[in-house]
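Chains, contacts and geometry: an overview
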Amino acid sequence: MGIKLDWEIEAEQNTYKAGEAPEAARARRIARLRLLMLVIVLLAIFGGVAALLNWRLREVQRQQEQLLRDVVDTEITNLRLGNFEDFYELQRSGDVGWMDARRQVFDDYQALLLRSNVQLTGNIKDIVIDDLRARVRVEEIVDGVPYELIWFYFRYPDDGPDDDDNDGKAFNGPDEVDELIDGWRRVPPDYTFWGETETLQAGTVNVSYRQVDKPFARSLADNLAAWFALTCEALTCSPVPSLQVNVVAENGAQLAWADETAWRLTIPSPFLGQARADLPFTPEMQIQAANLVAERLVNEVGRNVIPLPRTDAAYLRGAVVAWLVGRMVQIDAGSYLIDSLATNYGEGAVGQLIRALLPDSSIAILSSITGVSTLDQMPLDWRDFFTWRLNTESELIAVGDSQGFLNLYDVGDPAVYALASARYNANLPAEPMVVSLVSPAEPGANGAPQRSATVQIGAEGSLREETVLFRLIDNVWRRAS
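Here goes a summary of the coordinates provided. Throughout this document, residue positions are counted from 1 along each chain, in the order its sequence is written. Per-residue local features are limited, in this predicted model, to residues with pLDDT of at least 70; the limit for side-chain atom pairs, both in listing and counting, is 80 or more; totals at the level of whole chains, interfaces and linings are taken over all residues. No hydrogens and no water enter the side-chain calculation; it runs on all heavy atoms of the structure.

1. As for helix H6 (residues 283-301)
An ideal rise of 1.5 Å per residue puts 27 Å on 19 residues; H6 measures up with 26 Å between its terminal C-alpha atoms. Residue contacts follow a heavy-atom distance rule, with two residues in contact if any of their heavy atoms lie within 4.5 Å. A run of DSSP states H or I qualifies as a helix once it reaches four residues; a run of E qualifies as a strand once it reaches two. Both are numbered from the N-terminal end. Those residues of H6 hidden inside the fold are in contact with helix H5 (214-235), strand E9 (256-257), strand E10 (264-268), helix H7 (312-329) and helix H9 (348-356). Positioned one or two residues after H6, Arg303 has a phi angle of 60 degrees, which is positive. Between the first and last residue of a helix there are one fewer steps than residues, each counted as 1.5 Å, and that sum is the expected span.

The structure is reproduced here in structure tokens:
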């Protein structure tokens, strides 16, 4: 007797039941087959209905998207043609102030079209439809620079004169919407419709943003991570702080620290207005953010020491911040002294300077940083320091600080003291001064090292040039002419 497998036994049991007539077994099999066929047919019907509904839904969505595209195109065409009435017909809101402001928006575009090379391309970079509301990313080019704007629309039902009361908000239910559609209309910004929240990580920087801001967030995260690495290398900050950045879409949002203690930075979305498509993290915003980061890192490394106003310490701290900002955003920040310090003595010297700085430190502190006994022996660029000194004189006169003013001069020389006193008492109107050239150090009349500074005085169009002498007294540069 052979061995039967389980599935063979089961098959026999399913095929034949003891005592069952062959005709009954055949009928049972046919019934089961019919049931199976019925199930298959029903599934096919349901699947076909679902597919038809899905196709219909996609077709409706496609039609609504095309209608929206037509409205956007018409709106832009009216701007190009200067047709305010037809432009205004496509705007809708229960907010009277917003509707009144549409006239100013229209006029601003007309002025822009007249004075600049503007291309209102009508190119829709992205479109998102959520039931009755829509968000459109529109391109325009001004003087060769591509910009993107976020416009909001709402699909209004033709339900009478109260349409404007909807103000771009969704209706309470589907019963309020029928086949009679007034159409898509431009509405005020809906910041609840800015996309889902996402995050990006780069180095020790974490950026939280919503979908509209994705291209901005990527640039933001990469730049901030690079800035932290670059700055902490110079300042030797350890550990590198972890920064949380929140990109927000809110009216009145400011680029600022969320509080004074935590490393949380709030940055407004550039798409609240006209955002550059090629550079959403604009140079202006980069400089503002870099200043905040540099100030905060200098405070951390310098143990929150705040220099006294109009002292050399105040200049040095400000010059370090400017130098860091220039490195971050790759611009000439005019911080020549700190740049030459880092070039000749290593970037670590900048961190040492910040750590050693006291509220009333004089410029002589550079000797302790470099190990060179006198300032005249250091290969440093003094242009911005002398510029700061000359402009500080006017500030000290304005606040009535005669002693602070005289401290900037070589008052041990009677002639210089008399000149300084006369200048202070004259209280002449302040004029901007910029040192364009500083001569090498040479012995002065009393043997003290001195340098001549070529100074441009006044505003552009009425500039004059003078030479000012600085003498090294007690290892501090003081004015001697």
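2. Brief notes about the state of the cysteines
Two cysteine sulfur atoms make up a disulfide if the distance between them is within 2.5 Å. Scanning the entire structure with this criterion turns up one disulfide. A sulfur-sulfur separation of 1.9 Å characterises the disulfide bridge that pairs Cys232 with Cys237. For the disulfide bridge between Cys232 and Cys237, the dihedral angle about the S-S bond is near -130 degrees, and by the sign convention the bridge is left-handed. Each residue is assigned to one of three classes by its accessible area relative to the maximum for its type, calculated with a 1.4 Å probe on protein chains only: buried under 20%, partly exposed between the two thresholds, exposed over 50%. Judged by its relative accessible area of 13%, Cys237 falls in the buried class.

3. Regarding the nonpolar core
To qualify as a nonpolar core, a set must consist of buried Ala, Val, Leu, Ile, Met, Phe, Trp, Tyr and Cys residues joined through side-chain atoms within 4.5 Å. Counting residues in each nonpolar core, the largest one holds 90 residues, and the members touching the most others are Leu353, Leu366 and Trp382. Those residues in contact with Leu353 that lie beyond four places of it in its chain are Leu316, Val320, Ile338, Leu341, Ile365, Leu366 and Ile369. Ranked by size, the runner-up nonpolar core spans 24 residues in total, among them Leu68, Ile76, Phe87 and Ala134.

4. Quick word on the sheet that holds E10
Pairing between sheet strands relies on hydrogen bonds along the backbone, with the strands arranged either parallel or antiparallel. Two strands make a pair as long as DSSP finds a minimum of two bridges between them. In spatial order, the strands read E6-E7-E8-E10-E9; together these five strands make up an open sheet with mixed pairing. Looking at the sheet topology across the chains shown, the edges are occupied by strand E6 (197-202) and E9. Here four bridges tie strand E7 (residues 205-210) to strand E8 (residues 243-248), and the two strands are oriented parallel to one another. Paired with Asn206 across the two strands is Gln244, which belongs to E8.

5. Details of the packing of H7 against helix H8 (residues 336-345)
Under this scheme, a helix contributes an axis fitted over its contacting stretch, all axes are lines through C-alpha atoms, and angles between N-to-C directions fall in the 0 to 180 degree range. At a minimum axis separation of 8 Å, H7 and H8 run at an interaxial angle of 75 degrees. The angle between the axes of H7 and H8 places the two elements in the roughly perpendicular class. Here Tyr315, Leu316, Ala319, Val320 and Trp323 of H7 lie close against H8, whose contacting residues are Leu337, Ile338, Asp339 and Ala342. Side-chain classes are defined by residue name, with Ala, Val, Leu, Ile, Met, Phe, Trp, Tyr, Cys and Pro counting as nonpolar, Asp, Glu, Lys and Arg as charged, and the others, Gly among them, as polar. In the contact of H7 with H8, the residues fall into eight nonpolar, no polar and one charged. An angle below 35 degrees is read as roughly parallel, one above 145 as roughly antiparallel, one from 65 to 115 as roughly perpendicular, and any other as oblique.

6. Topic: the side chain of Asp190
Along the polypeptide, Asp190 turns up in the loop between strand E5 (181-187) and E6. Residues within four places of Asp190 in sequence aside, it is in contact with Arg133 and Phe152.

7. Structural notes on the packing of H8 against H9
As a packed pair, H8 and H9 sit with axes 7 Å apart at the nearest point and diverge in direction by 120 degrees. As the angle between them shows, H8 and H9 are arranged oblique. Along the contact surface, H8 presents Ile338, Leu341, Ala342 and Tyr345, while H9 presents Ala349, Val350 and Leu353. Residues of the contact of H8 with H9, tallied by class, amount to seven nonpolar, no polar and no charged.

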